[in-house]
Amino acid sequence: MAGFGGDPTPLGWTITLAYALVAWRCAALARGAGDRGARRFWLMLAIGLACLCVNKQLDLQAAVTAYARETAKAAGWYADRRPVQIAALAAAAVLALGALALAGWSMRGRLACVWPAIAGMAVILAYIALRMSSIHEVDAFVVGGPLPMKWWGELAGLALVAWGAQRALGAQRALGARRARDAMQEPPEDPCG
């Protein structure tokens, strides 16, 4: 849906529910994480996904886009908006890449377990950056074509995050079992946080 008001379609509500479930899983992982870095990683992921869950139905970016459009028209540069759109898309891409790099660096000792979650966030952030660009050719690519990205972009990203969370949860459970078994020995390092 292009205007303000969210995505009240069955697919939109399915994606909203998927955001909520994956955010809940990440929050659970944050609670059970073995160290501060892993707790912070999973908590930030949970908060980000919860915000995207709410926004899926509120469509706040549509209000921001409408405000920017009206401001550009009032200031008289709406006809020459392309450089501003490209700059906004570039800024969003830089911020997304920075966030992903920071997440990867903070989890560098556990990348074998969490890489699907980081890759999933990359897919979701790429989808968001493309949608927020408001460049008609980019929007046509996202919503058009034989397999529109609007159908699979968020779901594929969420599936990857869920897979990464499941891998980390499995590692947490295995570590807990080893710690219980080896209670008299020094506890092993948690490879996945």
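Parameters at a glance
Residues numbered from 1 in each chain as written. Predicted model: local features only at pLDDT ≥ 70, side-chain atom pairs only at ≥ 80, totals over all residues. Heavy atoms only, no water. Helix = DSSP H or I, 4+ residues; strand = E, 2+ residues; numbered from the N terminus. Buried < 20%, exposed > 50% of the residue type's maximum accessible area, 1.4 Å probe, protein only. Contact = heavy atoms within 4.5 Å. Areas by Shrake-Rupley, 256 points an atom, 1.4 Å probe, with all protein chains shown as cover. pLDDT = per-residue confidence, 0-100. Patch = residues over 30% accessible without salt bridge, like charges linked within 9 Å, V, L, I, M, F, W, Y side chains within 5 Å. Salt bridge = Lys/Arg side-chain N within 4 Å of Asp/Glu carboxyl O. Expected span 1.5 Å × (residues − 1). Polar contact = N/O pair within 3.5 Å; in protein donor to acceptor, adjacent residues only side chain to side chain. Phe/Tyr/Trp six-rings, centres within 6.5 Å; stacked < 30°, edge-to-face > 60°. Axes fitted to C-alpha atoms, helices over the stretch in contact; angles between N-to-C directions. Parallel < 35°, antiparallel > 145°, perpendicular 65-115°, else oblique. Nonpolar A, V, L, I, M, F, W, Y, C, P; charged D, E, K, R; others polar. Left-handed = near helix turned anticlockwise from the far one by under 90°.

Talk me through the overall build of the chain; I want residue IDs and the actual numbers.
Within the chain, the regular secondary structure consists of seven helices and zero strands. Beginning at the N terminus, the succession of helices and strands in the chain can be written as α-α-α-α-α-α-α. Among the 193 residues that make up the chain, the fraction classed as buried is 34%. Residue pairs in contact within the chain that sit at least 24 positions apart in sequence constitute 75% of those at least 6 positions apart. If you sum the accessible surface of the chain, you get close to 11000 Å²; carbon and sulfur atoms cover 70% of it.

Could you give an account of unusual backbone geometry, naming the residues involved and the relevant values?
Positioned with a positive phi, Asp59 is a non-glycine residue whose angle comes to about 55 degrees. Position of Asp59 relative to the elements: it lies in the loop between α2 (36-58) and α3 (60-75). Residue class for Asp59 comes out buried when judged on its relative accessible area of 6%.

Report on the confidence of the model for the chain, specifying residues and quantitative values.
Overall, the prediction assigns the chain a mean pLDDT of 81, with 82% of residues at 70 or greater. Confidence, read as mean pLDDT per element, is least for helix α6 (residues 136-143) in the chain (65) and greatest for helix α1 (residues 10-32) (91).

I'd love a proper account of a nonpolar patch on the surface, names of residues and values included.
A surface patch of nonpolar side chains, amounting to about 290 Å² of accessible area, comprises Leu43, Met44 and Ile47. Along the polypeptide, Ile47 turns up in helix α2. In this structure Ile47 comes out as partly exposed when scored by relative accessible area, which is 43%.

An account of α2 is needed here, citing residue identities and associated values.
The first and last C-alpha atoms of α2 sit 33 Å apart over 23 residues, in line with the 33 Å expected at 1.5 Å per residue. When we look at burial in α2, the residues that qualify are Ala38, Phe41, Trp42, Leu45, Ala46, Leu49, Leu52, Cys53, Asn55, Lys56 and Gln57. At the N-terminal end of α2, a side-chain oxygen is found 2.9 Å from the backbone nitrogen of Gly37, two or three residues along, and the residue is Asp35. Note on α2: the residue one or two positions beyond its end, Asp59, has a positive phi of about 55 degrees.

Describe the packing of aromatic side chains, naming the residues involved and giving the relevant values.
Within the structure shown, the criterion is met by two aromatic pairs. Judged by centre distance (4.9 Å) and plane angle (80 degrees), the ring pair of Phe41 and Trp42 falls under edge-to-face. Each member of the pair, Phe41 as well as Trp42, is classed as buried. Look at Trp115 and Trp163: their rings are 5.2 Å apart centre to centre, the planes differ by 80 degrees, and that puts the pair in the edge-to-face class. Note that Trp115 is positioned in helix α5 (residues 111-132) and Trp163 in helix α7 (residues 149-181), a separation of 48 residues in sequence. Residue class for Trp115 comes out partly exposed when judged on its relative accessible area of 41%. Taking relative accessible area as the criterion, Trp163 reaches 40% and is therefore assigned partly exposed.

Can you lay out the packing of helix α4 (residues 82-106) against α5 for me, pointing to particular residues and giving the numbers?
For the pair α4 and α5, the least separation of the axes is 10 Å and the interaxial angle reads 170 degrees. Considered as vectors, α4 and α5 are oriented roughly antiparallel to each other. Along its contact with α4, which presents Ala88, Leu89, Ala92, Ala96, Leu100, Ala103 and Gly104, the element α5 presents Leu111, Ile118, Met121, Ala122, Leu125, Ala129, Leu130 and Met132. Among the residues forming the contact of α4 with α5, the class breakdown is 14 nonpolar, one polar and no charged.

Can you break down the packing of α2 against α5 residue by residue, with the values?
One can describe the packing of α2 onto α5 by two numbers: an axis separation of 12 Å at closest approach and a directional angle of 30 degrees. Of the possible angle classes, the one that applies to α2 and α5 is roughly parallel. Pair α2 / α5 crosses with left-handed handedness. Here Phe41, Trp42, Leu45, Leu49 and Leu52 of α2 lie close against α5, whose contacting residues are Val114, Ala117, Ile118, Met121, Ile124 and Ile128. Class assignment for the residues of the contact of α2 with α5 results in 11 nonpolar, no polar and no charged.

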